[in-house]
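So the chains spell out like this:
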Amino acid sequence: MPSHLSADRPAPQPPERDAVDVLINRTRRLRGDVDAVRRDTALVDEDDPQLRWQRALCELAVHHLDDLGTHLGQLKEGPPSGTAEQPARDAERAEQEPATEPQAGSLLSRVGSAEWNLLTDEVRWSEELYEIFGRLPEAGPLSLDELPSVLFPEDQPLLTTLVTDCLVDGKPIDGEFRILRPDGRMRTLHMMGEPVLDADGCTASMWAVLRDVSELRRSQRVVRQTGDTLRRQQHMAQTERRMAVELQEAVLPAWRGSLLLPQRGPGALDVAARYLPSHASDLIGGDWYDALELPDGRTLLTVGDLTGHGIPATSAMAMLLGALRGMAVAGIEPGALMGHLNQLLEASVQPALGSAMCCRFDPVTGTLAWAQAGHPAPLLFRNGAGRPLPSPDGVLLGAASSVAYEQDEVTLLPGDVLVLHTDGLTRRSDRGAGPEALLALAPRFAEARTAQDCVRTVVEEFGGTERLDDACVLIARIGV
């Protein structure tokens, strides 16, 4: 336990003024920098919990730096000398300098002192303490017996314990309590004090410093609340992402990489695909790809992309892909199939827009029948050169009612490479949108021996770039 204060305490000497000046200047610069960051966060979205948390932390840091600056200023000035000449010098300086009031909310206006003399029952309060309690000086200070009357009832036992321990056991006071001012405002005060002993070692009086920490505690509360909100939002986002990933993995084809089809030899399809997540966002989109051997021996090839991210996008994607597979197995042609998908998306509980590509390849004739709904055209690579196929008419899924989707056909030759992709593949932060980057891979596709080799080439080119969206790529190579 710290030793009790003596009534005759020697005044400490002030530190070197130059060293304190350096600390004051550093504190002021740091305070200005933090306040600039705080002002910047005030100009952005108020609904962003992370920004609210950052702003609350900045406000709390500004409070601490203001207090630190005031403490250093007092350290620079040193303690009052207490000599007889000091009041005269103070009066002379007061006549020469205009009177200045402490700034509202400054440390000087939030700290007051008190002394309760146990021998004479005299009580002395500083002017600042009257302001903190909202009490007129004419009403006089509160005695130790009267002080609990202005506290919240639940805080009164704490004050009683602090004062008793100080007066009886000589323990220092260090605690917080809430008061209700005459104007109805609630303030939180931090009280620190010690007993003062006389020459015989008996408690003569008790002094205390009371600080209004209401704004500081408010800032700390805001930091905690915004931090809790941010953590809850992050937990919800992680949970939603996990559910979206699980749903996506359950819906996308069970095969990963290459699809083994029973046909072999010239005209047979070699298929490989890859889902590429966005590097700019953790959200899972509504992109899909699929290749499926149909009962009549033909093969379904499809890619698509629904607007939005997270569980709504992946659940809508699951609905569309399931319907697409069922209609393809039932023998519905690509053009009519797109019309049914459009009606299904229009009738869904959560309307959305989407683009899609549906192809049906006949290995016997080498014919590819296909239709599209607002989707990038397939890219055909032949003899070391690539080109997009002319697109039949087809608007985005969900954009209009009673829309007819055209269907087109093209003959694929042995050695041809067909690339289907979603538009997120070519939408990059370092380049403009478009298929040019994919078409530039034609020489490398010509050297590839399998569809999987072609997919690896695409991943090497686009897998590490800052794509703005997730993407799917499906590559079909006609056997030679």
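Above this text sits the structure in question.
Quantities reported herein were computed from a predicted structural model and do not represent experimental measurements. (Residues numbered from 1 in each chain as written. Predicted model: local features only at pLDDT ≥ 70, side-chain atom pairs only at ≥ 80, totals over all residues. Heavy atoms only, no water.)

**Student:** How would you sum up the sheet that holds strand S11 (residues 354-362)? Please name residues and give values.
**Tutor:** Across the sheet, which stays open at both edges, the five strands sit in the order S9-S10-S11-S12-S15 with antiparallel pairing between neighbours. Two strands lie at the open edges of the sheet, namely strand S9 (285-293) and strand S15 (408-411), each paired on one side alone. Across the sheet, the mean angle separating the axes of adjacent strands is 15° when strand polarity is ignored. Pairing analysis gives eight bridges linking strand S10 (residues 299-309) to S11, with the strands arranged antiparallel. Across the sheet, residue Leu306 finds its bridge partner in S11, namely Gly354. Relative to S10, helix H8 (residues 310-329) is tilted by about 160°, and along the sheet it contacts S9, S10 and S11. (Pairing = 2+ DSSP bridges. Helix = DSSP H or I, 4+ residues; strand = E, 2+ residues; numbered from the N terminus. Axes fitted to C-alpha atoms, helices over the stretch in contact; angles between N-to-C directions. Contact = heavy atoms within 4.5 Å.)

**Student:** Please provide a residue-by-residue account of the side chain of Gln372, values included.
**Tutor:** Within the secondary structure layout, Gln372 lies in strand S12 (residues 367-373). A polar atom in the side chain of Gln372 sits 2.9 Å from the backbone nitrogen of Gly374. A distance of 3.4 Å separates a polar atom in the side chain of Gln372 from the backbone oxygen of Gly394. (Polar contact = N/O pair within 3.5 Å; in protein donor to acceptor, adjacent residues only side chain to side chain.)

**Student:** An account of the packing of aromatic side chains is needed here, citing residue identities and associated values.
**Tutor:** For the coordinates displayed, the defined rule picks out three aromatic pairs. Measuring from ring centre to ring centre gives 4.8 Å for Phe381 and Phe445, while their planes differ by 85°; the resulting arrangement is edge-to-face. With Phe381 in strand S13 (residues 379-382) and Phe445 in helix H11 (residues 442-447), this pair connects stretches of sequence that are 64 residues apart. Classification of Phe381 as buried rests on a relative accessible area of 4%. (Phe/Tyr/Trp six-rings, centres within 6.5 Å; stacked < 30°, edge-to-face > 60°. Buried < 20%, exposed > 50% of the residue type's maximum accessible area, 1.4 Å probe, protein only.)

**Student:** Which residues make up the side chain of Asp290, and what are the values?
**Tutor:** Residue position: Asp290 is located in strand S9. A relative accessible area of 3% means that Asp290 is categorised as buried. For Asp290, the side chain forms a polar contact with the side chain of Arg325, separated by 2.5 Å.

**Student:** Give a detailed account of the pattern of salt bridges, specifying residues and quantitative values.
**Tutor:** Inspection of every chain in the model, using the stated rule, returns 17 salt bridges. A salt bridge links Arg456 to Asp453; its shortest N-O distance comes to 2.8 Å. Remark: Asp453 and Arg456 occur in helix H12 (residues 451-462); sequence separation between them is three residues, near one turn of the helix. Each of the salt bridges in this network shares a partner with another, and the network as a whole consists of Arg31, Asp35 and Asp66. (Salt bridge = Lys/Arg side-chain N within 4 Å of Asp/Glu carboxyl O.)

**Student:** Which residues make up the pairing of strand S16 (residues 417-421), and what values do they have?
**Tutor:** Of all five residues in S16, five are buried, a share of seventy percent or more. Neither face of S16 is left uncovered, since the one carrying Val417, Val419 and His421 and the one carrying Leu418 and Leu420 both have all their residues buried. Of the pairings in the sheet, the one linking S16 to strand S17 (residues 471-478) comprises five bridges and is antiparallel in character. Its bridge partner being in S17, Leu418 is matched across the sheet by Ala476.

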